[in-house]
Amino acid sequence: MSSWLGGLGSGLGQSLGQVGGSLASLTGQISNFTKDMLMEGTEDVPADLLNSGREENEATHSVLRSENERLKKLYTDLEEKHEASELQIKQQSSSYRSQLQQKEEEINHLKARQIALQDELLRLQSAAQSVHPGSGRVPAATASPSLSYGISHHVSAFHEDDMDFGDVISSQQEINRLSNEVSRLKSELGHWRHIAEVQGTQSSDQTEICKLQNIIKELKQNRSQEIDDHQHEMSVLQNAHQQKLTEISRRHREELSDYEERIEELENLLQQGGSGVTVTDHSKMYDMQNTIQILQTEKVESTKKIEELEDKIKEIYKRLSSAEHEREVWKREQERLEVEKRQLTEQYAENEIMRLSSLNQDNSLAEDNQKLQMCVQILEKEKSLLSQEKEELQMSLSKLSNEYEVIKNTATRDIDLFSQVRDLKLNLEVKEQELNQSIHENEVLTAELEELDRQNQEATKHVILIKDQLSKQQSEGDSVIKKLKEDLDDGKQRIHQLEDDKMNIIKELDMQKEKLTHSERALSDLQLTKQKLEDKVEDLVDQLSKSEKNNFNIQKENCELREHIRQNEEELSTVRSELTPSQSQDSNSNLKDDFLKERETEVRTLKQNLSEVEQLNEHLKQVAFDLRTENEKLVVACEDVRNQLEESIAGNNQVSLERTAMLETLKCEKAQLEAELCGAEKRLLEEAKKYKQTIEELSSARSLTTSALQLEHERLVQLSQEKDSEIAELKKSIEQMNTDHQQMKESLLSSLEEQKQLTQLINEKEICIVKLKEKSSELQGELDKCAQTLRKNETLRQTIEEKDRSLGAMKEENNHLQEELERIREQQSRAVPMPEPRALDSTTELESELSRLHIIKDHLEEEIKHHQKMIEDQNQNKLQLLQSLQEQKKEMDEFRYQHEQMNITHTQLFLEKDEEIKNLQKTIEQIKAQLHEERRDIPTENSDIFQETKVQSLTIENESEKHDLSKAETERLVKGIKERELEIKLLNEKNISLTKQIDQLSKDEVGKLTQIIQQKDLEIQALHARISSASCSQDVVYLQQQLHAYAMEREKVMVVLNEKTRENSQLKTEYHKMIDIISAKEAALIKLQDENKKMSTRFESSGQDMFKETIQNLSRIIREKDIEIDALSQKCQTLLTVLQTSGTGSEVGGVNSNQFEELLQERDKLKQQVKKMEEWKQQVMTTVQNMQHESAQLQEELHQLQAQVLVDSDNNSKLQVDYTGLIQSYERNETKLKNFGQELAQVQHSIGQLCNTKDLLLGKLDIMSPQLSPGSSLPAQSAEPLKACQSAGPHESPQLLQQEVDDLRRSLQEKDATIRTLQENNHRLSESVAASSEVGRREHEQTDSEVKQLKEKQEVLQNLLKEKDLLIKAKSDQLHSSNENFTNKVNENELLRQAVTNLKERILILEMDISKLKGENEKIVETSRGKETEYQALQETNMKFSMMLREKEFECHSMREKALAFEQLLKEKEQGKAGELNQLLNAVKSMQEKTVTFQQERDQVMLALKQKQMENTTLQNEVQHLRDKESRLNQELQRLRDHLLESEDSHTREALAAEDREAKLRKKVTVLEEKLVSSSNAMENASHQASVQVESLQEQLNVISKQRDETALQLSVSQEQVKQYALSLANLQMVLEHFQQEEKAMYSAELEKQNQLLAEWKKKAETLEGKVLSLQERLDEANAALDSASRLTEQLDLKEEQIEELKKQNELHQEMLDDAQKKLMNLVSSTEGKVDKVLMRNLFIGHFHTPKNQRHEVLRLMGSILGVKREEMEQLFAEDQGGVTRWMSGWLGGGSKSVPSTPLRPSQQSVFNSSFSELFVKFLETESHPSVPPPKLPVHDLKPLDSPGRRKVDTSIPGSSKDVAEPRAGRRTDLSPFLAPRSAAVPLINPAGHGLGGPGHLLLKPISDVLPTFTPLPVSPDNSAGVVLKDLLKQ
C-alpha cells in the first residue's frame, strides 16, 4: 500500500513541485522588492547625478582592480618566497633528521656491541669463578641502568631536537613574514606618498589627509606592537636555543664520559679475565679493540657533527640578528621616508609659492615655466600612477569578492540557498556602497586633477604671454641700454648734469610706468571680479526672469480657473433658470419628473464639482499666496540685485568717466607732447644745423689756423721780413747788398756742407739698405724653402699615416685570410681525400691574393724607408737652416749697433731742426697774439699745467727708476747664481724684444729718410736753379720756396715725430710693464733677504754650535795626537841618551850611534809631518769656513722654500675664504629657495581656495536651476483638475449647453492665443535683455580695446621721446667730443715734443744700465767659477788630510812597538848598569828643556805660517780682482778702439767731403762773382718789381684783415648762438621739470582714484563673499539632498530593472504555462481513456499490502482515478469477489517502467493502523520536500560582476536555453547567478541541454513529455501543501 501511495506521490510531487516553485519564486521576489523599497528612503531627487555616480563607480572599480592586481602580485611573490623558505627548511630539517637517525642507529649498534661485550665478560667471569671461585667479584648489574638511561635520554633528546627544528622553522617563517610585511609597508608608503604629493599639490581634501594620518598612526602602533612581540619572541627563542644547546652538550658529554668509563671497565675486566683465564681467545680481544677504535672514531665524528650543528645554530642566530638589524634599518628608513615626505611636501609647497610669486620678476620666468612644465609632468605621472592603482584596486576588489564568496560558500554550505542569496545581496550592496564611495572620491580627485591641469595650462599660457612681452621689453630695453652706453662713452663733463637729470626723469617715468602697470593689474583683477559678479548677476536675472515667467503662468492659470468658475456658475444659473420652468412643466407630466430627477442628480454632481472646484480654488489661493510671498521675496531680491547692478553700473560709469577723463587728459598731454616734440625736433634740427654750421666754420677756421693760417702766417712773416729787408736794402743801398751776399754765401756754404753730410749718410744708409734687402731676400728664399720642405713633410706625414692605416687594414685582412686559410686547411684535412674543384680554385685565388698582398706590403715598406730617409734629410736641412738663422741674427745685431749710431747722429740733426722749428713757432705765436687778442676765453693754462705735470711725472719716474736700479745693483750682489741666471734670461728676452722694435723703427726711419733725401735733392736743384738765375728776384723766389720747403719739412718731421711718439708710447708701456715686474721681483727679494736674515740668525746659533763641536772634536784629536807624538819623542830622546851613555863599549857603541842617527832622522821626519799636519789643519779650518758659507746658501734656499710655503698658505687661505663665501652664497640660495617654496605653497593654497569658490559658484548655479524646475510642475498639477472637470462635465446636456461649451472653448482658445502672444513677447523681451547685455559687453570690450590702443600709442610716443632724447644726446656729445678732441690734439702735439726728448734720454740711460748689468753678470759668473774651484780643492785637501791621519796613526803604532823594544833593551841593560841611569836621567832633563824650547819655536813658526797664509789668501783675492779689472779694461779698450776706428773713418770721410765741398764752393763763388754784375743790373728791375709786389701785398693784407674781422664777427655770433642754445636747453629743462611735476600730480591723483576704487571693489567683494558663504551652505545642503537623491535614483533604477526583468520572466512563465496547459490539454484529451501503468501497478500492489479493513478505500481511490462513479463502486463492493477478479484481470493489462516502486521502510509498518488518506498525505508531503542536499554550484562558476568567465559560460549555453535566458537577463547583467529567479532555473519546457551545470534533482529537472501531468490547480499563497492535498483527496 505504501509503495502504491509512493508512486502516486512521486507523480503528484513532480507536477506540484514545479508549480509551487514558480509561485514561491514569484512571491519571494515580490517580497524582496517590497523589503528593498521599505529599506530605502522615499526622497524625491532629480536624476542629474546618475551618470556621475556610475562614472565614480567605474573609476573606483578600476582603482580597486589595480590595487587587487598589485596585492595579487605581492601575494604570489610572498607565496613563492614562502614555498622556497619552506623547501629550504624541509631540506635542512630532513638532513638534520637523517643525521640524527644515523646517530641513533650508531648508538643502537654501540649499545648492541656493549651488550655483547658484557655478555662475553659475564661468560669470562663465570669461567674465571669456576677456575678461581674467589678471585674477583664484579657487580654485573651495572649495565642495565646505563642502558635504560641511554635509551630514555636519547629518545628525549631526539624529541627535543625535533622541537628545536620546529622552533627554527617557525622563526624562519616569522622572519619571512616580517620581510614581506616590510615590503608591503614600503609599497603602501610609496602609494601614500604619491597620494600625499597629489594632495599636497591640490591641498583641498583635508578629510582625506586626516584619514591618512590616522591610518599612519594605526600602522605605526601596529608596527611598534609587532616589533615588540617579535623581539619578545626572539628573546624567548634565543633563551630556549641556548638552554637546549647547553642541555644537548651536557648530555653528550655525560654520554661520552659514561661510554669511556664503560670501555675502561670492560678493558679492566678483560685484563682480569686474561690474568684469571689461561686459555683466552685472542680473536675476541682483537674484536674488542676494533670495536673500541670504531667507537672512538664514531665519537670523533659525533663531536665534529655536534660542532657543525653548533656552527649552523650560530649561523641561524646570525641570520636572526641580521633580520633584527634589517628590521631596525627598515624602521629608520620608514622614519626617514616620513621625514622626507614632510620635507618634500613642504619644499614642494614652498617651491610652488616661490614660482608663482616670481611670475612678476623678469629673470626667473624661464625657470618658472620649466618648473610649471615639470609640475605638469609630475601631475600627469601621478595621474597615470593613480589610474594604475585604481585598476589594481579594482582587480583586488574582484579577487576579494571571489575570496569572500568562496569563504561564504565554505561557511554557509549547510544553510539554505535563500539565506545565502540574501547575505550575498547585502554584502553586494555594502560592496557597491564602498565602491560608490571610492569611485566618488576618485572622480573628485580626477576632476580636481583636470581642473589643476586646466589651471596649469592657463598659467603656462599666461606665463608664455608674459614671457613674450617681457622678452620684447627686454629687447627694447637692451637696445635702449646699448644706445645709452654708447652715448655715455661719448659723453663728457659738461653734459653729465643734464644726463643725470634726464636719467632721473627716466627713472621716475619707469617708476610711474610700474605704478601704472600695478594699477592696470589691479584694474584687470577688479574687472575679472566684476565680470564674475556680472555673470552672477546675469544668472540671477535669468533666474528672476524664469521665476517671473512662472509667476505669470500661475497668474494666467489662476485667471483661467476663475473664468472657468465663472462659466460654471453661469452654467449653474442657466441650469437653475431652466430648472424653474421645467419644474412647472414636471407637475403636468411624469416625464418631466424623471427629467427633474435627472437634473437634480446633475445638480448634485455639479455641486460636488463646485465643492471640488472651491477646494481647488482655495488650494490655488494658498499656492498663489505662497507664490506672492515668494514673489515679494524675489522682488526684494531683484531690487537688491538691481541696486547692486545700478551701483555696479554707476561704478562702471564712474570708471568709464574717469577713464574717458584720463584718456582725454592723456590725449591732451599727448597732443601737447607731440606739439612740443615737433617744436623740439624743429629746434633740434635748427640747432643741429646751426651747430653743424658752427662746427664746419670752426673746423674750417681751425684747419685754416692749423694748415692755411700757418702757411699764410709764414707767408706774411716772409713777406714782412722781405719788406723789411727790402726797405733796409733801399735805405742802405748797394753796400749792404754786398754784406747780404756774403751772408748768403756763408749760409749757402753751411747748407751745402749739411747737404753733403746728408748725402754721405744717405749713401751709407742706401748701402746698408741694399745689404739688408739682399739678406732679407736670402732669408725669405730660405724661409720659402723651409716652408716648402715643411709642406712636403706634412704631405709625406699624411701619406705615411694613410699608408700606416692601409697597412693596418691589410694586416688585419692578412690575419683574417690566414685564419680562413687555416680553417680551409682544417676543412680539407677533415674532408674526404678527393678535393673538390671549387676548393682548389678558392685556394689558388687566395694564394694569388696573398702573393699580391705580400708584394704590396714590400712596396709599402720600401716607401716607408724612402720617406724615413726623406725625413732625416729634411731634419738635417732644418738644422743647417737654424745655424744659418743664428749667423744672420748675429749679423743683424751688428747692423743694429750701426743703426743705433746712425740714430744718434740723426737725433742731433733733429734737435737742430727742432730749434729752428721752435723759432718759427715763436714768430707764428707772436702773429697769433696780434691776430687773436679777442680769443682770451680759450683755456691755455690747462695744457701747460698738464705738460708740467707730465714732465714732473716723467722726471719722478726716471728718478725712481734710477733709485730702483741702484737698489737692484746692491741687492743682486747678495742673490745667488740661480737668480742671476734668471735675470740674464729676462734681459736677453728684453734685448730681443728691443732689437725687434729697433728694427721696426729702422725700417720706418729709412722710409722717412728717403723722403727727406728726396726733398733735399729738390732743394739742391732749386739752389742750382737759383745760382743759374742771375737776378735777385730769383733769390727772393728761392727764399720763398725754401720757406715752403722748410714748412713741408716741418710737417713731415711732425708726422715722423707723431709716429715716433706712438712707437715711444708702445715702448713706454712695455718699459712700465718691465719696471713693474722688476719692482715686484725686488720686493720679493727684499722679503726673502729679511727672512734669510731671520733664518740665518736662527740657523747660525744651531749651525755654529754644530761647527764648534766638530772643530772642538778635531782639535781634541789633534791635541791627543800631538801629546802622543811628544811623549814618543821624549821616550826616543831618553832612549837615545841612554844608548849614547851606554855606547862607551866598542861594538855596542857603534850600533848605538847608528840607531841614534836613525832616531834623529825619524825626529826630523816627525817634525816635518807635524808641520804638514798643521798646514792640513789650517786647510781643514778653511774647509769648515766654506762649509759655513754653503750652509748659509742652504739657509737661503730654505728661506725661499719657506716663502713658497707662505705663498701657498696665503693661497690656501684665499681659497678657504672663497669657499666660505661660496658656502654662504649657497646657504642664501637655499634660504631663497625655501622662501620661494613657502610662497609657492601659499599660492597653491590660494589656487585651491579659488577652485573651491569656483566649484561652490557652479554648485549654486546648479541649485538655482532645480529650484526653478518644481515651479514648472505646478501648472501641470493645476491642469489635471481642469481636465477632470471637463471630463466630469455633463455630456448628456442639451444643445444649449453644448453651444455654451463651444463658446467657452473658443474663449479658451482665444485666451491660449493671448497667452502664447504674451509668452512670445516675454521671449522677445528676454532676447532683447540678452542682446542688451551682449551690447554692454561689446561696449566694454570696445572700451578695453580703445584703452589698449591708447596705451600702445602712448608707448610709441614714449619710445619716440626716448629716441629724440638719444638723438639730442648724440649730437651734443659729438659737439663736445669734437671740441675736446681739438683741444686734446693741440695739447698732445706739445706734450709729444717733450716726450720725444725725454724718451731719448731714457733710452741712453737704459743702454748704460744694460751694459752695467752685463759687466756685473760676468763678474758674478767669474766669482762662482772661483768658488767652485776652491770647493773642489778643499774636497781634495780633505781627502789628503784623512789619508795623512791614517798614516800618522800607523806611524804612532810603529813608534809604540819601537818604544816597547827599547824598554826591553833598557830592562836588559838596567840589570848591571845603575850608574848609567843617572846619566840618562840628566840627558833626559836636558832633552826635556830642549823640547820645551822646540815647542816654543814650533808655536812661533805656526803663527808665522798662519800670517803668511792669510797674506797669501788676500794676495790671491787681489790678484783675481786685478785680473777681473784687466779683463774689463781690455774689453773697454777694444770697444774704444772700435769706436775710434769708426770715428776716424767718419772724420776722414767728412774731411774728404769738406774738401770736395770747398772745391765746389770756390767754383760756385767764381760763378757768383760773375753773376753779381748781372744781378746788380737785375736788382734795379727787381726793386721796381718789388715795389709793385709790395703794393699787391698791402692789398692782400687789407683783404686778410677784412677776413679776420669777418671771422671775429662770426665768432661773436657763434658765441651768442651758443648762449642762446644754453638758454633754450635751460628752458627745455624747466619745461621737462614742469611736465614731470604735472605727471607726478596726475599719477598721484590717478593712484588715489584707483585706491578708492579698490576699496569699493573690496567692500563689494566682501559682501559678495558673505553671500557666497550663505549660498555655499545652501549648496552643501543641496549636495546632501542630491547625494541621497542619487542613491534613491540608483536604487529606483535597479528596482525598475528588476521589475522589467520580472515582467520578462512573467511573460516567459506565462508562455511556458500556456505551453504546459496546451500539452496538459493534449495529454488529457489523449489520456482520458488511458491509465498510467506504474500508478496502477503501485495501487494494485498497495491494495494487497493494505490490511483488509482498509482495502475498500484503496479500491475507491482507484475508482476515482479511473473515473468510476461512487454508485458503481458501491455496487462492485456489494458484488462477490468475481467482480474484483474481473477488475484485476482488466487492470493488469498495462504497466510502466518509468518510476521504480518504493520499498517498505520499517517505520511504515507501525503506521498501518492509521487511515489511508493520512498516509497518502504524509507520503506526498515527504516526497514534496527534497531529501537530496541542495545543489552546490562550484566555486569556479561564481564569477564576479561583469567577469569574462561568466560571459563565456553564457556563450557555452546551447541555443534553446540561451534564447530563454536572454530575455530573462534583461538589462541586469551585473546580477550574480544566485539572483536568478526560480522559474528561470526550472523551465517547464524540456530544453535541449541543461544550462549552467543543471541540478540533478528531480524537482529541479524539467518536466518530461513522457510523465503524466495534472492540470494546474490555482493555489493561494496562504494555503499550505497539506490543504492542497486534502482538497485533492476530497475530489
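Procedures and definitions
- Residues numbered from 1 in each chain as written.
- Predicted model: local features only at pLDDT ≥ 70, side-chain atom pairs only at ≥ 80, totals over all residues.
- Heavy atoms only, no water.
- Helix = DSSP H or I, 4+ residues; strand = E, 2+ residues; numbered from the N terminus.
- Buried < 20%, exposed > 50% of the residue type's maximum accessible area, 1.4 Å probe, protein only.
- Areas by Shrake-Rupley, 256 points an atom, 1.4 Å probe, with all protein chains shown as cover.
- Patch = residues over 30% accessible without salt bridge, like charges linked within 9 Å, V, L, I, M, F, W, Y side chains within 5 Å.
- Salt bridge = Lys/Arg side-chain N within 4 Å of Asp/Glu carboxyl O.
- Lys, Arg positive; Asp, Glu negative; His and termini not counted.
- Charge placed at Lys NZ, Arg CZ, Asp CG, Glu CD.
- Core = buried A, V, L, I, M, F, W, Y, C linked by side-chain atoms within 4.5 Å.
- Contact = heavy atoms within 4.5 Å.
- Phe/Tyr/Trp six-rings, centres within 6.5 Å; stacked < 30°, edge-to-face > 60°.
- Lys NZ or Arg CZ within 6 Å of the ring centre and 35° of its normal.
- Polar contact = N/O pair within 3.5 Å; in protein donor to acceptor, adjacent residues only side chain to side chain.
- Axes fitted to C-alpha atoms, helices over the stretch in contact; angles between N-to-C directions.
- Parallel < 35°, antiparallel > 145°, perpendicular 65-115°, else oblique.
- Left-handed = near helix turned anticlockwise from the far one by under 90°.
- Nonpolar A, V, L, I, M, F, W, Y, C, P; charged D, E, K, R; others polar.
- pLDDT = per-residue confidence, 0-100.

**Student:** I would appreciate a short explanation of the overall build of the protein in the present structure.
**Tutor:** Counting secondary structure elements, the protein contains 27 helices and zero strands. Within the span of the protein, comprising 1931 residues, buried residues form 28% of the whole. Split by element, the accessible area of the protein, about 127,000 Å² in all, is 55% carbon and sulfur.

**Student:** What is the right way to read a nonpolar patch on the surface from this model?
**Tutor:** On the surface, a cluster of nonpolar side chains totalling about 270 Å² of accessible area is made up of Leu879, Leu882 and Leu885. The exposure class of Leu882 is partly exposed, given its relative accessible area of 48%.

**Student:** What is the right way to look at a positive patch on the surface in this model?
**Tutor:** Side chains of Arg562, Arg566, Lys621 and Arg628 sit close together on the surface and give a patch of like positive charge. Looking at the positive patch, the elements that each hand over two or more residues are helix 8 (496–586) and helix 9 (590–732). Considering the arrangement of structural elements, one finds Arg562 in helix 8. Its relative accessible area of 42% is what places Arg562 among the partly exposed residues.

**Student:** How should the pattern of salt bridges be read in this particular structure?
**Tutor:** Pairing is possible between side chains of opposite charge, provided their charged atoms come close. For the structure on display, the rule yields 30 salt bridges. The closest approach of N and O atoms between Asp1605 and Arg1604, which form a salt bridge, is 4.0 Å. With relative accessibility at 35%, the residue Arg1604 sits in the partly exposed group. Through salt bridges with shared partners, a single ionic network connects Glu67, Arg70 and Glu392.

**Student:** Whenever I open this one, the nonpolar core confuses me. Can you help?
**Tutor:** With twelve residues, the main nonpolar core is built from Leu1128, Cys1132, Leu1135, Leu1136, Val1138, Leu1139, Leu1159, Leu1166, Met1455, Phe1462, Leu1466 and Leu1480. Those elements that provide at least two residues to this core are helix 14 (1032–1142), helix 15 (1146–1288) and helix 16 (1295–1470). When residues of this core are assigned to their parent elements, the largest contribution, six residues, is made by helix 14. The residues touching Leu1466, leaving out its near neighbours within four places in the chain, are Leu1135, Val1138 and Leu1480.

**Student:** Can you help me understand the packing of aromatic side chains in this one?
**Tutor:** The relative placement of two aromatic rings is captured by the distance of their centres and the angle of their planes. Applying the stated criterion across every chain, the model contains one aromatic pair. Measuring from centroid to centroid gives 4.6 Å for Phe1740 and Phe1744, while their planes differ by 85°, and the two rings are edge-to-face. Pair noted here: Phe1740 and Phe1744 are both in helix 18 (residues 1733–1745), with a separation of four residues, about one helical turn. According to the relative accessible area criterion, Phe1740 is buried, its value standing at 15%. Just above the ring of Phe1494 sits the side chain of Lys1167; from NZ or CZ to the centre is 3.4 Å. For Lys1660, the ring lying beneath its charged end belongs to Trp1657, and the centroid distance is 4.6 Å.

**Student:** Could you clarify how one ought to interpret the environment of Lys1667 in this entry?
**Tutor:** Positionally, Lys1667 belongs in helix 17 (residues 1475–1726). Beyond its immediate chain neighbours, meaning those up to four positions away, Lys1667 contacts Gln644 and Lys1260. Reaching out from Lys1667, the side chain makes a polar contact with the side chain of Gln644 at a distance of 3.2 Å.

**Student:** Can you help me understand a negative patch on the surface in this one?
**Tutor:** Residues Glu753, Glu754, Glu912, Glu915, Glu916, Glu1555, Asp1556 and Glu1558 make up a contiguous surface patch of negative charge. Those elements that provide at least two residues to the negative patch are helix 10 (734–830), helix 11 (837–931) and helix 17. For Asp1556, the location among the structural elements is in helix 17. Judged by its relative accessible area of 45%, Asp1556 falls in the partly exposed class.

**Student:** How do you make sense of the environment of Lys1094 when you look at a structure like this?
**Tutor:** Note that Lys1094 resides in helix 14. With relative accessibility at 53%, the residue Lys1094 sits in the exposed group. Placed 105 residues apart in sequence, Lys1094 and His1199 show a C-alpha to C-alpha distance of 9.1 Å.

**Student:** What is the right way to read the packing of helix 18 against helix 19 (residues 1751–1762) from this model?
**Tutor:** Helix packing for two helices is described by the angle between their axes and how far apart those axes are. Taken N-terminus to C-terminus, the directions of helix 18 and helix 19 make an angle of 165°; their axes are 9 Å apart at the nearest point. For the element pair helix 18 / helix 19, the angle class is roughly antiparallel. Relative to helix 19, helix 18 is oriented so that their crossing is left-handed. For the pair helix 18 and helix 19, contact is made by Leu1735, Met1736, Leu1739, Phe1740, His1743 and Phe1744 and by Arg1751, Val1754, Leu1755, Leu1757, Met1758, Ile1761 and Leu1762, respectively. Along the lines of polarity and charge, the residues of the contact of helix 18 with helix 19 split into eleven nonpolar, one polar and one charged.

**Student:** What am I meant to see in the environment of Ser179 here?
**Tutor:** Examined against the element boundaries, Ser179 turns out to sit in helix 3 (residues 143–202). Among the polar contacts listed, one links the side chain of Ser179 to the backbone oxygen of Asn176, at a separation of 2.6 Å.

**Student:** Please clarify how the confidence of the model for the protein should be interpreted in this entry.
**Tutor:** Detailed reading of the predicted model is not advised wherever pLDDT is low. The predicted model of the protein has a mean per-residue pLDDT of 77, with 78% of residues at 70 or higher. When mean pLDDT is compared element by element in the protein, helix 17 scores highest at 89, while helix 26 (residues 1878–1881) scores lowest at 40. Every residue in residues 959–963 scores below 50 in pLDDT, and together they form four contacts with partners more than four places removed in sequence or on other chains. Within the model, pLDDT remains below 50 along residues 1776–1808, and this stretch shows 35 contacts once partners closer than five positions in the same chain are excluded.

**Student:** Would you take a moment to explain the side chain of Gln114 for this structure?
**Tutor:** Within the secondary structure, Gln114 is located in helix 2 (residues 50–131). Take Gln114: its relative accessible area is 9%, and that puts it in the buried class. When residues no more than four places from it in sequence are discounted, the contact partners of Gln114 are Tyr259 and Arg262.

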